[in-house]
Amino acid sequence: MSAVMLQIGQCGNQLGLEWCEMLSKASDQCEHRSPFITKEGNLAVVCVDSEPKVLRRTQQLVRNKKLLESNIVQGKGGRGNNWAYGYHGHWVEEGDQLLVQAMEAVRQEAERRDYYGGTVMLHSVSGGTGSGLGSRLCEEIRAEFPVSHILTVSVVPHQSGESPLQHYNSLLCLSALHRSSDGILLFNNDQALNYSRVPQNKGVCASGSSSGLLQGSLSFMNKHIVSCMAGLLLPVHSLTSASLGMEPWELIRSVCPMPAAKLLSITQASSREKVKWDSLASSTLQCVPQVSIAGRPYTSRAVLAVARGDQDNSFSMSSALNKLKRGHHCVTWNPLPIDHWTDPRNEVSLSPNAQLLTVCSNHSSVNSLLSHVVHRTKDKIGVRAYLHWYERYGVEHQDFERALDTLLNVMEEYDTH
C-alpha cells in the first residue's frame, strides 16, 4: 500500500473520478493488489478543488464506502484561471485553509499506509487550481515527505488556446513541477483530439484530455488517459509476483535516469484479440515524433514498455523491444535504454484475450511544447499583457524570469544529450 492519489482542480478530479471507476472494476480482478486501494477496501485518493461543482460526484463514492469524507477538500470559489491565485491563495483565511486542509488530508492518508512511497498527482497545467495549487502542494509534499516520490499526471492545453493566461500558467506550473517532482507524465490535448478521431481498436494512441472539447470527446479522452495510467501504474507480475505497489516509483527509476530531464510521453496500443506484439509496437510508434521542425532527429533517454495480456510470455522473445528501441532513437550513452514489464492479465479490459502495450518514453520531442510555451510567454511579457493579474497575487517579473530559465535549461538538456 504505497501510493496516495491526489487529484486537483476540475481536470484532475474529472480524470480522478474516471480512475476511481476503473480501479473499482479492476480491483475485483486483481484481488486488491493495487497500491491505490487500502486493506479496508477504500480508495487511497484525496480530492481537492477550489469550488464544489465537480466534487459533488465524489459523494457517491462516500455513500458506497469507497472514499472517506475527510479526503474531499473543497473551497467556495475558483482561482480565476490564474496560477498566482492558485499558488498563493487570496492571502486570507479561505486561501490558506484550502492548502492546509489539503495537506492534512494527504498527511492522514499517508499515515494510514503500511508503507508510504509517494504521491501521484492528477491536474491540468493551464488552469488556476490545478496548476497553481497543484504546484504549491507538490512543494509542500516534498518538504513534508522529503524521501517520498512525486509523480504527476499533467494535462497540457491546446496550442490554439483555451485561455489567454494558459501560457503563463503552463510556464509557471511546468517550471515549479520540474523543481519539486520526480517525474511528469505529459498528456497533450492536441494529440488527444487527433486520437479521438481514430476508430477504436486500431492500435493507435497519443495523449490526454481536459476542457474546451465536446462532452463526448472529453469523456472518451479521459478514459484514454486513465487507460494509459492503468497500463503503467497497475501491478505487474514480472516486477514482483506479490506486488508491493512499487510500479509508480520503479517507473521513475526506469525512465528518468538523470533528474535534469523528467518530462515523459506515453503511447499505447491495444487489441481485443491475440496479435503479435510487434504489431502493437509498430502502432505505438505511429504517434512518436521523429524529427523537429528544424530537421533535427529526436532521441529518447529511456523507454519503458509494459505488456499486459502476455499469457504465453511471448513479449520478451518478440522483436518488439528492438523495434521500440530503434523507433525511439535511444541515446547511445545509456547502456540500458529500454526496460519492460509484463503481466499475463490485462486488468484494463474485460476481454479474456485482450492485449495492451503501454510505452513511456523520456523523449526530446517535448522541446516542441516547451519552445511554444517559452516563446508565447516571452511575447506576452514583452507587451506586459495580463501581468497585473499575476502581480496582484504576488508573482513578480523575476518569478517569470526564473521560470523561463528553468524551462530553457530543460530544453538545453534535451538538445545536448
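Residues numbered from 1 in each chain as written. Predicted model: local features only at pLDDT ≥ 70, side-chain atom pairs only at ≥ 80, totals over all residues. Heavy atoms only, no water.

**Focus on the overall build of the protein chain**
Phase 1: Broken down by element type, the protein chain carries 14 helices and 10 strands.
Phase 2: Counting over 417 residues, the protein chain shows a buried share of 59%.
Phase 3: Contacts in the protein chain between residues at least 24 apart in sequence constitute 81% of all its contacts with a sequence separation of at least 6.
Phase 4: Accessible surface for the protein chain amounts to roughly 16,800 Å². Of this, 51% is attributable to carbon and sulfur atoms. (Helix = DSSP H or I, 4+ residues; strand = E, 2+ residues; numbered from the N terminus. Buried < 20%, exposed > 50% of the residue type's maximum accessible area, 1.4 Å probe, protein only. Contact = heavy atoms within 4.5 Å. Areas by Shrake-Rupley, 256 points an atom, 1.4 Å probe, with all protein chains shown as cover.)

**Regarding the nonpolar core**
Phase 1: Membership of the largest hydrophobic core comes to 57 residues, with the highest contact counts inside it found for Leu 6, Trp 83, Tyr 390 and Phe 400.
Phase 2: Core analysis: the next-biggest nonpolar cluster, separate from the first, contains 47 residues, Leu 43, Cys 228, Ala 230 and Leu 232 among them. (Core = buried A, V, L, I, M, F, W, Y, C linked by side-chain atoms within 4.5 Å.)

**With respect to the state of the cysteines**
Phase 1: For the structure on display, the rule yields zero disulfides.
Phase 2: The thiol sulfur of Cys 47 is not disulfide-bonded, and the nearest other cysteine sulfur, from Cys 20, lies at 6.1 Å.
Phase 3: In this structure Cys 47 comes out as buried when scored by relative accessible area, which is 1%. (Disulfide = S-S within 2.5 Å.)

**Overview of the environment of Leu 407**
Phase 1: By secondary structure assignment, the location of Leu 407 is in helix α14 (residues 397-416).
Phase 2: With relative accessibility at 2%, the residue Leu 407 sits in the buried group.
Phase 3: Between the C-alpha atom of Leu 407 and that of Leu 174, which follows or precedes it by 233 residues, the distance is 7.8 Å.
Phase 4: Other than its neighbours up to four places away in sequence, Leu 407 contacts Leu 171, Leu 174, Ser 175, Leu 370, Val 373 and Val 374.

**Some remarks on the pairing of strand β8 (residues 300-308)**
Phase 1: The buried count for β8 comes to nine of nine residues, which makes it a mostly enclosed element.
Phase 2: Judged from the seven bridges that link them, β8 and strand β10 (residues 355-363) form a sheet pairing that is antiparallel. Looking across to β10, one finds that Leu 304 is bridged to Cys 360.
Phase 3: Across six bridges, β8 lies against strand β9 (residues 338-343) in parallel orientation. (Pairing = 2+ DSSP bridges.)

**Describing the packing of aromatic side chains**
Phase 1: Across all of its chains, the model carries nine aromatic pairs by this definition.
Phase 2: For the ring pair Tyr 390 and Phe 400, a centre distance of 5.7 Å and an interplane angle of 70 degrees mean the geometry is edge-to-face. Linking Tyr 390 in helix α13 (residues 387-391) with Phe 400 in helix α14, this pair joins segments that are 10 residues apart in sequence. Of the two residues examined, Tyr 390 and Phe 400, each falls in the buried class.
Phase 3: Here Arg 79 stacks its cationic end above the ring of Tyr 85, 4.8 Å away from the centre of that ring.
Phase 4: Between Arg 136 and the ring centre of Tyr 87, over which it is positioned, the NZ or CZ distance is 5.3 Å. (Phe/Tyr/Trp six-rings, centres within 6.5 Å; stacked < 30°, edge-to-face > 60°. Lys NZ or Arg CZ within 6 Å of the ring centre and 35° of its normal.)

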